Number of protein chains: 2
Amino acid sequence: MKAITVDSVVRTTRSPRATQIVEIARELLEREGPGSLTMRALAERLGIRAPSIYKHFRNKEAVELALIESALIEVGEVMYAALAEPERITSLLAAYRAYGLEHPNLYRLSTTGALDRRSLPKGLEEWSGAPFFIAAKEPHLAQALWSFAHGMVMLELDQRYPPGSELDKTWREGIKAFSAAVHQEVPAHE
Amino acid sequence: MKAITVDSVVRTTRSPRATQIVEIARELLEREGPGSLTMRALAERLGIRAPSIYKHFRNKEAVELALIESALIEVGEVMYAALAEPERITSLLAAYRAYGLEHPNLYRLSTTGALDRRSLPKGLEEWSGAPFFIAAKEPHLAQALWSFAHGMVMLELDQRYPPGSELDKTWREGIKAFSAAVHQEVPAHE
DNA sequence: ACAGTAGGCTAACAACGTTAGCCACGCAAC
DNA sequence: GTTGCGTGGCTAACGTTGTTAGCCTACTGT
């Protein structure tokens, strides 16, 4: 859960060269898509050869894990910021959606497939997801809310909704349903 | 929307050999995972060489599309069946979840990444998703419900929930929220 | 002065999807 | 009956991918 301050998040420390590799990898992924994030293409942008990257990262997965780490930090940041506004759930999901749509390839990389938790900074994943628990108050409802948001973003990114769908309305309906559930969950104040 | 009868769905007609290829491909995918569904491995199980597969399918994507087609039909079937029971939304999502968990690799293949709609039987995708619209009554709420279910299944398959999460409860909370929304949507009967 | 490490390199490997080009069989038409 | 052609197999090969082995150079600490 940790404090809300962004700087409380532990970032992996990396050498200047390794940091640069991650930066370029991110540009490559975001601008050209996952199919273009190859060790050779990455090396070329760095002015070196592919095998040299292995002096800095164990393998490609390790580079991707560094990208995931930065995504978790960033999405956490925007979500904690959203919690400061009124209509918590609405602004939280708006921030989540916006991040996903602005960084489609990074979002997909970060949220699909198995994740090697042991290789992530301890507590990062938990910190990043905590805003849902803060907003929903009840843990299971929080996970359900996250699942809804994730499903929405993924299906929107993959263009799986019927053409012409009014997704703003879909988000609104989901938010309405969850907001009502949250209010019912805690019958007291707010 | 179409009729509820399963046989109203149009299946792509295929030669016996092509049908067999799809069958073996499915076994390979489901049993060994997506990384093992290679043209060479597929060919080996068929007793032929990889290039020969291209006499039956344009490329690997076409084989995968055939798998997606069968998945859409099957998940549609179990969902229409679920609609016949009381507690529509509960049984619908239970059926959806069960299908996803029983066919993790097929589910992932079918629901992630871009989908070439033009190459699918016309109306299949719509038919397959219609149960959500029937259950939720309001189209946007239906899409939200589907998104929730999809997000839940994906995150469960990818083991993205914190270890020890009680996912049954999470499903229940989501279902509760959406059920209430559906009842509020149509203030009249049921 | 010397050793060790950091960080580059080339060559190469296995596996992948895919294409080109060849060949054998079976069937229909003349 | 021979001809012709489509069907469905084959081998060889290409380009791309992640990755490893092994070498070399330059800087740094003792």
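Note that the structure is a prediction, hence the values are computed from the model and not measured.

Q: Tell me about the environment of B:Arg40, and name the residues and values.
A: Considering the arrangement of structural elements, one finds B:Arg40 in helix 2 (residues 39-46). Between the C-alpha atom of B:Arg40 and that of B:Val22, which follows or precedes it by 18 residues, the distance is 14 Å.

Q: Could you give an account of the pattern of salt bridges, naming the residues involved and the relevant values?
A: Scanning all chains against the criterion turns up 26 salt bridges over all chains. The partner of A:Glu69 in a salt bridge is A:Arg14, and the shortest N-O contact between them spans 3.9 Å. Residue A:Glu69 is found in helix 4 (residues 60-83), and its partner A:Arg14 is found in the segment before helix 1 (16-32); the two are separated by 55 residues along the sequence. On the accessibility criterion, A:Glu69 (4% relative accessible area) is buried. Its relative accessible area of 28% is what places A:Arg14 among the partly exposed residues. Between B:Arg26 and B:Glu30 there is a salt bridge whose closest N-O contact spans 2.6 Å. Placement of both B:Arg26 and B:Glu30 in helix 1 (residues 16-32) is noted, with a separation of four residues, approximately one turn of the helix. On the basis of relative accessible area, B:Arg26 is assigned to the buried category, the value being 16%. A relative accessible area of 25% means that B:Glu30 is categorised as partly exposed. Ionic contacts of the salt-bridge type, sharing partners, join the residues A:Arg26, A:Glu30 and A:Glu74 into one network.

Q: Let's hear about the packing of aromatic side chains: which residues, and what values?
A: Residue and element names in this part refer to chain A. Using the criterion set out here, one finds 15 aromatic pairs over all chains in the structure. A ring pair is formed by Phe148 and Phe178, whose centres lie 5.6 Å apart and whose planes are at 35°; its orientation type is tilted. Of this pair, Phe148 sits in helix 8 (residues 139-157) while Phe178 sits in helix 9 (residues 167-185), and the two are 30 residues apart along the sequence.

Q: Go over the protein's contact with DNA strand D with me, naming the residues and quoting the values.
A: Residues in contact with DNA strand D amount to 17 residues; listed here are only the nearest, A:Arg40, A:Tyr54, A:Lys60, B:Arg49 and B:His56. Those atoms of DNA strand D that come within 4 Å of the protein belong to sugar or phosphate at a rate of 46%. At 3.1 Å, a side-chain N or O of B:Arg17 approaches a phosphate oxygen of DNA strand D. B:His56 has a polar side-chain atom sitting 2.7 Å from a phosphate oxygen of DNA strand D. When residues of the surface near DNA strand D are traced back to their parent elements, those giving at least two are helix 2 (39-46) of chain A together with helix 3 (50-53) of chain B. Per-class residue counts for the surface near DNA strand D are six nonpolar, five polar and six charged.

Each value, and the rule that gives it
- Residues numbered from 1 in each chain as written.
- Chains lettered and ligands numbered in written order.
- Predicted model: local features only at pLDDT ≥ 70, side-chain atom pairs only at ≥ 80, totals over all residues.
- Heavy atoms only, no water.
- Helix = DSSP H or I, 4+ residues; strand = E, 2+ residues; numbered from the N terminus.
- Salt bridge = Lys/Arg side-chain N within 4 Å of Asp/Glu carboxyl O.
- Buried < 20%, exposed > 50% of the residue type's maximum accessible area, 1.4 Å probe, protein only.
- Phe/Tyr/Trp six-rings, centres within 6.5 Å; stacked < 30°, edge-to-face > 60°.
- Near = heavy atom within 4 Å.
- Polar contact = N/O pair within 3.5 Å; in protein donor to acceptor, adjacent residues only side chain to side chain.
- Nonpolar A, V, L, I, M, F, W, Y, C, P; charged D, E, K, R; others polar.

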